[in-house]
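Chains, contacts and geometry: an overview
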Number of protein chains: 2
Amino acid sequence: MELKPTKPLSGFIELTPVQQRCFDFCAGRMLDVLRDAGFSNLDLPAIERAEVLTDKDNWDEIETQMFLFQKGDTKMGLRYDGTVGLSRYVAGHLNDLTFPFRASQFSKRYRGERPQKGRYREFYQMDMDIMGINTLSTNYDAEIISVIQRALNSVSEFIGDNYVRVGSRPFWDALFDYLGLNAEQKKNVFVLIDKRDKMGDDEFGLGLSEALKNTKLENEIKSVFINGYSNFVNKSDNLNTAIAELNDFMKKLEVFGVKNAEIDLSITRGLAYYTGLVFEFKLSSFPELGTAAGGGRYANLAEKFSKTKIIGVGAAIGFSRIFVALMELGKIDLSKFESPIVAAVLPMGDIALPFAMSVVNALRDENIATVVYLDTEKKFKNQIEYADKIMTRYSLIIGEDEVKSEQIMVKNMATGEQQKLSVADTIKLIKTV
Amino acid sequence: MELKPTKPLSGFIELTPVQQRCFDFCAGRMLDVLRDAGFSNLDLPAIERAEVLTDKDNWDEIETQMFLFQKGDTKMGLRYDGTVGLSRYVAGHLNDLTFPFRASQFSKRYRGERPQKGRYREFYQMDMDIMGINTLSTNYDAEIISVIQRALNSVSEFIGDNYVRVGSRPFWDALFDYLGLNAEQKKNVFVLIDKRDKMGDDEFGLGLSEALKNTKLENEIKSVFINGYSNFVNKSDNLNTAIAELNDFMKKLEVFGVKNAEIDLSITRGLAYYTGLVFEFKLSSFPELGTAAGGGRYANLAEKFSKTKIIGVGAAIGFSRIFVALMELGKIDLSKFESPIVAAVLPMGDIALPFAMSVVNALRDENIATVVYLDTEKKFKNQIEYADKIMTRYSLIIGEDEVKSEQIMVKNMATGEQQKLSVADTIKLIKTV
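Residues numbered from 1 in each chain as written. Chains lettered and ligands numbered in written order. Predicted model: local features only at pLDDT ≥ 70, side-chain atom pairs only at ≥ 80, totals over all residues. Heavy atoms only, no water.

1. Focus: the interface of chain A and chain B
Short version of the rule: Contacts between residues were defined by any pair of non-hydrogen atoms, one from each residue, lying within 4.5 Å. Buried area: the sum, over both parts, of the accessible surface (1.4 Å probe) that disappears when the two are put together. In what follows, salt bridge is the name for a side-chain nitrogen of Lys or Arg lying within 4 Å of a carboxyl oxygen of Asp or Glu.
In this assembly, 104 residues from chain A lie in contact with 104 residues from chain B. Both faces considered, chain A and chain B share a buried interface measuring about 8,100 Å² in area, 54% of it formed by carbon and sulfur atoms. There are 10 salt bridges connecting chain A and chain B. Across the pair Asp 365 of chain B and Arg 150 of chain A runs a salt bridge whose closest N-O atoms are separated by 2.8 Å.

Now the structure itself:
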């Protein structure tokens, strides 16, 4: 019989137990931050109706980007982000929720596209969104940024420091109007700006020339990437409003305790959803990883699902992107996660089992991570070898003598030191270290 | 424009924020139990190659049971359990893992079949498996059962008590041999036994008659459901061995501290995998929910993936089945999860924002769950209404006076009592309650 493949499908992540412990630890820390900031965790279905996932009906093309399937008459697929499901959920529960409603999600997302280096087809993102009915102060935009920074800082021992850059969609809208671009030009230029990071200056310049066919306009747009908004102060009311909003917002970020924040108008966060301020975080020590977290404000989150106007500000932390990428690069110190086991109980023969299991249960009752070696007929040598391999801190050896005396031979695996202790003293020793 | 549907697809679970908090809390407690029992958490891909998911190639039929899709030339699908992925993973990492290897998984699984009442198409299971190379003492079977009971007991305040029933696959093999059944009869009778719970006695009897066409054999088999193994003591060596193993195992369960355990030979755990002892847990107060957890021993877990013989004992807790079903029935006391917010900071106008945000950050630094109402132009009435609705324990009101005095007006929302306190005293008050 031919053996089946043991590798996961390409583009799918599989961590070692040590990596997974780090991943879970960091997720837990960051989720604690979100919980303490009052976000309600939502765990929504990974599968949605195709009509919820997309407005388009060119299925052949969409199928190359998503995991889609059909059951009976219903086309459905795996979510590619957390926002589609959240919009549907909030629109369906308007009367059950208190607004402003704070939602967090930590879940797997899927991209059905052909796998590429550094792109996963299944990955975790950690989302947070604050939503209001009809109105939502930009104070909340500042708060979301402060909470993201707090979450990233909570695991800074692993990923280092971070910084945030803030852009403005209204600035670009005002600029395009001021420059007199038509609708098609606006769209084309915006696509170029969004892809600029991946293009390089030459290709970006060529793209602009093609889209605008007017050197003066091209240079005006290029100037934003060099001088920010400085060429456009007092050029139009809308430009002034957008610039003032951005400057006020940067002051507000200070009030909210945010560090390392600057304006960067090249941040636009793609074409969808966003209508206000937008922002991106990077890791100070690993800017080459790209965006660690990003988000912004949307004027009408759930318009496809409800006539109620839901204004939102939201962001997603690229959790797999950060942690899996850094682990693959060997940039995360995993030493803390290598030996989760505190005590390995080693019973020498079935005769030792009743006392050994009473010890195991007593330790587990005290939340001490404890394994027990239960192939009891194996020699001491095999058992202590196992204890060594799993890097337990203590081996608790229990043979006939120990059963009789109700004492445990406790071996400190780092020092090799051994001592006979009662169960209570063993627990005391382990807990005081 | 027609609005899109806001309900999830049928068969998919969507909890309220309050329910989700209970769900997450119980998952966390139970995962802590598994971690303290030395299980390594694995988070494997939800998507596997179709050839990993199934040996069959009648795709049309399989597609009615699974979510399958094709990308390029590769057929793939969503996992329906945790065992297929685990087998693949362990076979692929034989040299990286220390055996006996303890793995836990808490993840979503998928069934593509037509939705039925009480059957979910997306659901969580919590798996634990212990695997050994070539050898694995049945002590580990007892340990798995003790750990499941420990996990269920850790949330007994929500789901009550539990009991476990133990069956034996070798007993049935020995019985079939003793009764002289041929291969086809064995298979047919085993299918009947597996479905007996859902059938009722009459249908089961009719099925047996059809399969065996011999009243004496039918009665022998029926006797097991009335008298257990008692008619079959000293009938064959294999029967004696199976019965002795089962009895020894029940004594072992006591040694491992397991409560409420009894033999029940009608437990067989379906047709796949299992080759040794099998077991099922139910909830004492809700036996009608069916199996809360189940598992058993398999002689060769990864034979499809590796020539190395991996013996395993494993179990899955039907996490969604238990918690979602009990919540839907209103059987879980959710009161503890209704008000997760400890402090709502209410700034009266933007002028109060700097002091208010310093308070928010100070509270969050102390891991106090804190929200802040940031539509600062809203009237006090609106703000306190919001604080009321989210059921915060304290409202921290900050107006011009408070900014000047650097004191907070702290309102206990349960008693209505108000007092002016410094930030430090506010934290002290909140932490001592």
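2. Looking at the relation of the copies chain A and chain B
Filter applied, for reference: Residues reaching a pLDDT of at least 70 in both copies supply the C-alpha atoms on which the copies are superposed by least squares.
Rotating chain A by 180° and moving it 0.0 Å along the rotation axis overlays it on chain B with an RMSD of 0.1 Å. Here the transformation between the copies is reduced to the relation of a two-fold axis. Within chain A, the C-alpha atom positioned nearest to the axis of rotation is that of Phe 69 of chain A, 3.1 Å from it. Comparing contact sets, 100% of the residues at the interface of chain A also lie at the interface in chain B, consistent with an isologous, same-surface contact.

3. Quick look at the pattern of salt bridges
Opposite charge on two side chains lets them pair, provided their charged atoms get close. Our working rule: For the purposes of this entry, the term helix denotes a DSSP run of H or I that reaches at least four residues, the term strand denotes a run of E that reaches at least two, and both are numbered from the N terminus. Residue burial is assigned from relative accessible area. The probe radius is 1.4 Å, only protein chains are included, and a residue is buried under 20% of its type maximum, exposed over 50%, and partly exposed in between.
Summed over the entire model, instances satisfying the criterion amount to 46 salt bridges over all chains. Between Arg 88 of chain A and Glu 14 of chain B there is a salt bridge whose closest N-O contact spans 2.6 Å. Taken together, the positions of Arg 88 of chain A in helix H4 (residues 83-92) and Glu 14 of chain B in the segment before helix H1 (17-36) put the pair across two chains. Glu 14 of chain B carries the same exposure label as Arg 88 of chain A, and that label is buried. Overlapping salt bridges, with partners in common, bring together Glu 14 of chain A together with Glu 48 and Arg 88 of chain B in one network.

4. Describing the nonpolar core
Quick reminder of the rule: Take the buried Ala, Val, Leu, Ile, Met, Phe, Trp, Tyr and Cys residues and link them wherever side-chain atoms come within 4.5 Å; each set so joined is a nonpolar core.
Ranked by size, the top nonpolar core spans 120 residues in total, and within it Ile 148, Ile 159, Phe 171, Trp 172, Ile 317, Phe 319 and Phe 323 of chain A carry the most contacts. Apart from the residues lying within four places of it in its own chain, the contact partners of Ile 159 of chain A are Leu 152, Leu 283, Phe 286, Ile 322, Phe 323, Leu 326 and Ile 332 of chain A. Among the nonpolar cores identified, the runner-up in size contains 119 residues, and Ala 151, Ile 221, Leu 253 and Leu 334 of chain B belong to it.

5. Observations concerning the pairing of strand S6 (residues 122-133) of chain B
Both faces of the sheet carry side chains from a regular strand, because those side chains alternate between them. Residues and elements named next belong to chain B. Selection rule: Should DSSP find at least two bridges between two strands, the strands are regarded as paired.
Burial within S6 is extensive, with 11 of its 12 residues counted as buried. As paired elements, strand S5 (residues 101-110) and S6 share 10 bridges and run antiparallel to each other. Paired with Phe 106 across the two strands is Met 126, which belongs to S6. Alignment of S6 against strand S11 (residues 310-317), held across 8 bridges, turns out to be antiparallel. By the bridge assignment, Gly 132 is partnered in S11 with Ile 311.

6. Digging into helix H10 (residues 215-227) of chain B
Residues and elements named next belong to chain B. For clarity, the cut-off: Helix span, as expected, comes to 1.5 Å for every residue beyond the first. Here a polar contact is recorded for every N or O atom pair within 3.5 Å, except that within protein the pair must consist of a potential hydrogen donor and a potential acceptor, and residues adjacent in sequence are included only if both atoms are side-chain atoms.
With 13 residues, H10 extends 18 Å between its outermost C-alpha atoms, agreeing within 8% with the 18 Å of an ideal straight helix rising 1.5 Å per residue. For H10, the complete set of buried residues consists of Leu 217, Glu 218, Glu 220, Ile 221, Ser 223, Val 224 and Phe 225. For H10, the secondary structure elements touched by its buried residues are helix H7 (169-179), helix H8 (183-199) and helix H9 (201-212). The backbone nitrogen of Lys 216 has a side-chain oxygen 2.9 Å away, supplied by the residue at the start of H10, namely Asn 214. Gly 228 occupies a position one or two residues after H10 and carries a positive phi of about 65°.

7. Let's talk about unusual backbone geometry
Cis geometry is adopted by the peptide bond preceding Pro 100 of chain A, which originates at Phe 99 of chain A and carries an omega value of -5°. Along the polypeptide, Pro 100 of chain A turns up in the loop between H4 and strand S5 (101-110). The phi dihedral of Asn 234 of chain B falls on the positive side, at around 60°, and the residue is not glycine. Within the secondary structure layout, Asn 234 of chain B lies in the loop between H10 and helix H11 (237-255). In this structure, Met 391 of chain B takes a positive phi of about 60° despite not being glycine.

8. Considering the packing of aromatic side chains
Convention followed: Stacked, edge-to-face and tilted labels apply to pairs of Phe, Tyr and Trp rings (six-membered ring for Trp) whose centres lie within 6.5 Å, assigned for plane angles under 30 degrees, over 60, and everything in between, in that order. Sitting over a ring, as applied to charges here, requires NZ of Lys or CZ of Arg to be within 6 Å of the ring centre and within 35 degrees of the ring normal.
Within the structure shown, the criterion is met by 43 aromatic pairs over all chains. Ring geometry for Phe 12 of chain A and Phe 67 of chain A: centres 6.5 Å apart, planes at 45°, overall tilted. With Phe 12 of chain A in the segment before helix H1 (17-36) and Phe 67 of chain A in the loop between helix H3 (59-65) and strand S3 (68-71), this residue pair connects regions lying 55 residues apart in the sequence. Relative accessible area serves as the criterion here: at 7%, Phe 12 of chain A is assigned to the buried category. Summarising the aromatic geometry, the rings of Phe 25 of chain B and Phe 158 of chain B are spaced 6.0 Å apart at their centres and angled 80° between planes, so their arrangement reads as edge-to-face. With Phe 25 of chain B in helix H1 and Phe 158 of chain B in helix H6 (residues 156-159), this residue pair connects regions lying 133 residues apart in the sequence. The class for Phe 158 of chain B is buried, based on a relative accessible area of 6%. An aromatic cluster of three or more residues is present, and its members are Phe 12, Phe 67, Phe 69 and Tyr 110 of chain A together with Phe 12, Phe 67, Phe 69 and Tyr 110 of chain B. The ring of Phe 67 of chain B is capped by Lys 71 of chain A, whose NZ or CZ atom sits 5.4 Å from the centre of that ring. In this structure, Arg 196 of chain B packs its charged tip against the face of Phe 204 of chain B, placed 5.6 Å from the ring centre.

9. Focus on the packing of H8 of chain B against H9 of chain B
Residues and elements named next belong to chain B. For the record, the criterion: Between the N-to-C directions of two axes lies an angle of 0 to 180 degrees, each axis being a line fitted to C-alpha atoms and, for a helix, fitted only over the stretch in contact. Our angle categories are set so that under 35 degrees counts as roughly parallel, over 145 as roughly antiparallel, 65 to 115 as roughly perpendicular, and the remainder as oblique. Side-chain classes follow a simple rule in which Ala, Val, Leu, Ile, Met, Phe, Trp, Tyr, Cys and Pro form the nonpolar group, Asp, Glu, Lys and Arg form the charged group, and the remainder, Gly included, forms the polar group.
Two elements in contact, H8 and H9, have axes whose closest approach is 9 Å; the angle formed by their N-to-C orientations is 175°. In this view, H8 runs roughly antiparallel relative to H9, as classed from their interaxial angle. Facing H8, whose interface residues are Gln 185, Asn 188, Val 189, Leu 192, Ile 193, Arg 196 and Met 199, H9 presents Asp 201, Glu 203, Phe 204, Gly 207, Leu 208, Ala 211 and Leu 212. Residue composition of the contact of H8 with H9, by class: 8 nonpolar, 3 polar and 3 charged.

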